[in-house]
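Residue strings, one per chain:
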Amino acid sequence: MDFDATGKVSLEHVYNQPDPRAYFRTLRTLDYRLPQLAKPYFSKIIDECQETRPDQRLRVLDVGCSYGVNAALLKFDVAMDELYDRYAGDDSLAADAGTRAALVAGDRALATARGGATDIEVVGLDASGPALSYAVDAGFLDDALHADLESRDPTEPERARLAGVDLVISTGCLGYVTGRTLTRIVAAATGGAAAAGPGDSAGGDGPGLPWMAHFALRMFPFDPIAETLAGFGYQTVSVDRMFEQRRFASQRERDQVLATLAGVGVDPRGLEADGWLYAQLFISRPPGSR
């Protein structure tokens, strides 16, 4: 196994396949479940956000969206177990002989059969072109941005596609994605009204600031991101429970993550020490929202 700088096992290879079969086969063995646990919380936040934008289709940006799992769960009311069976089970859809085109056709049929939510559209942001391409072709994502906004500003076409985003969500990419990306998203979403950035009063009440809802692993402190968002006027609260992301892939990964947690002053007893990675939900609301 390869490991990244945080001590976590590297799963980068499953995010760059032409379809999600390797992704679901690998993550099923690790009991990956965070998107399923996040679904009711995202749905509630979507409802709250829609109350502030009546008669408007909500535009949701999923940061680190990979194959569009959050979008599929939210738009088509599927469950993670159903997706695991589709891509990692023994049925014909997941068979090795199946082509990408057959998988896409099956997902398109699923989307048609379920009808789909008509009051939201989901835009995906990810550094993996193959994952984004599949999610769009399958009908999970309505639009996609293939970009690494940690390393650069969005281009003008990318700014145009981020403009008017109402809600920004993520399930586990924070730590690799930082306040740099979120600052660039806020600036683009508001058409530059918040471009003055953290610490400048002009960023505090810019029009159209999107809501935020991020699940962050406990090994990655959220305080720096909360401080960045506070510069735009956001108020951040945390949900008082912990959410299992997945099991550790090995004893070595567990030991390395526990060392990382110790380094940031997080007590793993009863949580990570028992064999799981855990995340916490942080909700950041713009000024004037309840």
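Structure's up top.
Within any chain, residue numbers begin from 1 and follow the written order of that chain's sequence. Note on the predicted model: pLDDT of at least 70 is required for a residue's local features to be given, and 80 or more for side-chain atom pairs to be given and counted; whole-chain, interface and lining totals, by contrast, use all residues. With hydrogens and water excluded, all non-hydrogen atoms of the structure serve as input to the side-chain values.

### Comments concerning the pattern of salt bridges
Side chains that differ in charge, positive against negative, can pair when their charged atoms come close.
Okay, so step 1: Throughout this description, the term salt bridge denotes a Lys or Arg side-chain nitrogen within 4 Å of a carboxyl oxygen of Asp or Glu. Taken as a whole and assessed by the stated rule, the structure comprises 22 salt bridges.
Okay, so step 2: The partner of Arg33 in a salt bridge is Asp31, with the nearest N and O atoms 3.9 Å apart.
Okay, so step 3: Only protein chains enter the area calculation, which uses a 1.4 Å probe; residues under 20% of their type maximum are buried, those over 50% are exposed, and those in between are partly exposed. The exposure class of Asp31 is partly exposed, given its relative accessible area of 28%.
Okay, so step 4: Residue Glu48 is joined to Arg285 by a salt bridge in which the shortest nitrogen-to-oxygen separation is 2.9 Å. Here the residue Glu48 occupies a position in helix H2 (residues 34-51), and Arg285 occupies one in strand E8 (residues 276-285), the gap between them amounting to 237 residues. A run of H or I in DSSP counts as a helix once it spans at least four residues, and a run of E counts as a strand once it spans at least two, with each numbered from the N terminus.

### Considerations on the packing of aromatic side chains
Okay, so step 1: The criterion for an aromatic pair is that two Phe, Tyr or Trp rings (for Trp, the six-membered ring) have centres within 6.5 Å, with stacked assigned to planes under 30 degrees apart, edge-to-face to planes over 60 apart and tilted to the rest. What the rule picks out here adds up to twelve aromatic pairs.
Okay, so step 2: When the ring of Tyr15 is compared with that of Tyr23, the centres are 5.6 Å apart and the planes differ by 70°; the resulting orientation is edge-to-face.
Okay, so step 3: A relative accessible area of 29% places Tyr15 in the partly exposed class.
Okay, so step 4: Between Tyr23 and Phe24, the aromatic rings sit 4.9 Å apart at their centres with planes inclined by 80°, giving edge-to-face as the arrangement.
Okay, so step 5: Joined through ring pairs, the aromatic side chains of Tyr15, Tyr23, Phe24, Tyr67, Tyr84, Tyr87 and Tyr134 make up one cluster.

### Side note on the packing of helix H5 (residues 100-114) against helix H6 (residues 129-137)
Okay, so step 1: Every axis corresponds to a line fitted to the C-alpha atoms, with the helix fit spanning only the stretch in contact, and the corresponding angles, defined between N-to-C directions, vary from 0 to 180 degrees. H6 packs onto H5 with a crossing angle of 45° between their chain directions and a minimal axis gap of 9 Å. Comparing the axis directions of H5 and H6 gives the class oblique. In this structure, H5 uses Arg100, Leu103, Val104, Asp107 and Arg108 to contact H6, whose residues at the interface are Ser133, Tyr134, Val136 and Asp137.
Okay, so step 2: Class assignment of the residues belonging to the contact of H5 with H6 gives a composition of four nonpolar, one polar and four charged. Any angle between 65 and 115 degrees counts as roughly perpendicular, while under 35 counts as roughly parallel, over 145 as roughly antiparallel, and the rest as oblique. Contacts between residues were defined by any pair of non-hydrogen atoms, one from each residue, lying within 4.5 Å. Polarity classes work like this: nonpolar for Ala, Val, Leu, Ile, Met, Phe, Trp, Tyr, Cys and Pro, charged for Asp, Glu, Lys and Arg, and polar for all others, with Gly in that last group.

### Examining the environment of Ala113
Okay, so step 1: Note on placement: Ala113 falls in helix H5.
Okay, so step 2: Sequence spacing of Ala113 and Phe76 is 37 residues, and the spatial spacing of their C-alpha atoms is 9.0 Å.

### So, the pairing of strand E4 (residues 167-171)
Okay, so step 1: Along E4, five of the five residues are buried, which leaves the element largely enclosed by surrounding structure.
Okay, so step 2: Residue alternation in E4 divides its side chains into two sets, Leu167, Ile169 and Thr171 and Val168 and Ser170, and both sets are buried.
Okay, so step 3: Any two strands with at least two DSSP-identified bridges between them are counted as paired. Examined bridge by bridge, strand E1 (residues 58-63) and E4 share three bridges and lie parallel to one another. The residue bridging Val60 from the neighbouring strand is Leu167, located in E4.
Okay, so step 4: Pairing between E4 and strand E5 (residues 211-217): five bridges, direction parallel. Bridge pairing in E5 links Val168 to Met212.

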